[in-house]
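Chain by chain, the residues:
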Amino acid sequence: MSLLARIFRREQLDRYLETDKKFIKTMSAFDLIALGIGAVIGTGIFILPGTVAATKAGPGIILSFIVAAIVCSTAAMCYAEFASALPVAGSAYSYGNLVFGEIIGWVLGWALILEYVLAVAAVSSAWGAYFQSFLAGFHIGFPKAISGPFMPSQGTYGNLIAIIIVILISWMLNQGMRSSVRLNNIIVAVKIGIILLFILVGLFYIKPGNWHPFLPFGWHSAHGGVLGGAAAVFFAYLGFDAVSSSAAEVKNPKKNMPIGIIGTLIVATILYVGVSIVLTGMVSYTKLNVSDPVAFALQFVHLNWVAGIISLGALAGMFTMMVTMIYSSSRLIYSIGRDGLLPKFLGKLDQKGSPRNSMITITIIIAFMGGFVPLEQLTNLVNIGTLIAFLFVSFGIIPLRRNKEIQNHHGYQVPWYPVLPIVSGLLCMLMLSQLQAETWIASGIWFAFGLVLYFSYGIRHSQLGKNS
């Protein structure tokens, strides 16, 4: 068999279904939406509506979030069809293996590892900083030496809180998905409750004059406008793709996976738009270019007690995001180990039907990065990893429909095929073109390392290669 034929070998759905049947199916559509909202709604909801309104869109930020949601929904519908047709663990990695071939699956898996690991590491670091400021409000100090990344010149040697929170979440997930999902649902409910509290209280302090002019930067201008604002907030919706990692543990995935993915996007849009309406109505958009615009707006109208509750909402938002991403990354690493492209012990399930080995491995990596590595310059790489996965999933609908071995009877299908999947793929390419050159260079190094790993280890240990 030629090298080209070997690297484009496609997996069989039956083998994945057979291997993944050891997972215990416990999750409902409601659980999936909670998991998705946990990933999508983080601290960004308390920051982005204000800063983007001030610098790019004005009160038109309300329309920016709607435009960004429409763009994101095209990729969400493509994910929903894949999750309905292929109810297996591994998200875009497994989809790539099944419809494009092993090398594309590996590239997508490598992109998702980049997305998940960096996202959780960055958020764990931010959670540590937020938690310290929260404790400071009660006059509880924390030693500087263990409160930041390894930077001896600045007197910090590790972020202990970031390490502890990652280990705590992983321990929780290892206790079983039923109890973990229940706790996640409770914290997501608290988070949504805090966001709704801000919206309901803020409604009484809206001054319609703050919405004039509604489009100070127009629809599209040098400053940004509504479309520039949409590009800036597009990344606020990323994370719904993590829901598709759970397909092997979902009851009735054909029905519940599409509800979970699309439902996440609908609820997130309502919350983002609601916060934007109230925030720009309470305070003139010209005053919102601050690091904590929601807290600033509440203090502006002398509601300091609500501002304190908002900080709890931010901690809850980051916590649930880490739960979803650590969970998803462990399923991703399990899937790649299951296929032999990473060491086989990572693809083993324990007696509870949980991928303990992959969970422990990913926890060590994330805890190390969140605790010791300064991540400010790396977070843009999260976006490129996500968009590459979106791109292939969007265009992948076409070979998926043409694959006679994969049947999706009575499952969800993307409307307006093949126009909508192609539009979705083109929109992803447009978003990729907006990323900075440094992001492309850093990701190029990451993918080059991934290809070296694949050709030196993966291709020789591939389960697909052994089966064929």
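Computed from a prediction, not measured in an experiment: that's the story for all the values here.

Conventions we followed
- Residues numbered from 1 in each chain as written.
- Predicted model: local features only at pLDDT ≥ 70, side-chain atom pairs only at ≥ 80, totals over all residues.
- Heavy atoms only, no water.
- Helix = DSSP H or I, 4+ residues; strand = E, 2+ residues; numbered from the N terminus.
- Buried < 20%, exposed > 50% of the residue type's maximum accessible area, 1.4 Å probe, protein only.
- Pairing = 2+ DSSP bridges.
- Contact = heavy atoms within 4.5 Å.
- Patch = residues over 30% accessible without salt bridge, like charges linked within 9 Å, V, L, I, M, F, W, Y side chains within 5 Å.
- Areas by Shrake-Rupley, 256 points an atom, 1.4 Å probe, with all protein chains shown as cover.
- Salt bridge = Lys/Arg side-chain N within 4 Å of Asp/Glu carboxyl O.

Peer 1: Talk me through unusual backbone geometry; I want residue IDs and the actual numbers.
Peer 2: Of the consecutive residues His212 and Pro213, the connecting peptide bond is found in the cis state with omega at -5 degrees. With respect to the secondary-structure elements, Pro213 resides in the loop between α9 (177-203) and α10 (225-233). Geometrically, the link from Tyr417 to Pro418 is a cis peptide bond, its omega value of 0 degrees lying close to zero. Here Pro418 lies in the loop between α15 (380-402) and α16 (419-433). Even without a glycine there, the phi angle at Ser91 is positive, about 50 degrees. Turning to its location among the elements, Ser91 is positioned in helix α6 (residues 91-99). Accessibility expressed as a relative area gives 0% for Ser91, which makes it buried. A positive phi angle is found at His302, which is not glycine, with a value near 65 degrees.

Peer 1: Before we move on, can you summarise the pairing of strand β2 (residues 156-159) with the specific residues and values?
Peer 2: Across a regular strand the side chains alternate sides, sitting on one face of the sheet and then on the other. With three bridges joining them, strand β1 (residues 147-151) and β2 adopt antiparallel strand pairing. For Met151, the partnering residue across the bridge sits in β2 and is Thr156.

Peer 1: Go over the environment of Ala232 with me, naming the residues and quoting the values.
Peer 2: Note on placement: Ala232 falls in helix α10. C-alpha of Ala232 to C-alpha of Phe65: the two residues are 167 residues apart in sequence and 9.5 Å apart in space. The residues touching Ala232, leaving out its near neighbours within four places in the chain, are Leu48, Val52 and Lys56.

Peer 1: Quick rundown of a nonpolar patch on the surface? Include the residues and the values.
Peer 2: A cluster of nonpolar side chains, namely Leu196, Leu200, Leu203, Phe204 and Tyr205, defines an oily patch on the protein surface of about 530 Å² accessible area. The residue Leu200 is located in helix α9 in this model. Residue Leu200 is classed as exposed on the basis of its relative accessible area, which comes to 53%.

This is a description of form; function is not addressed.
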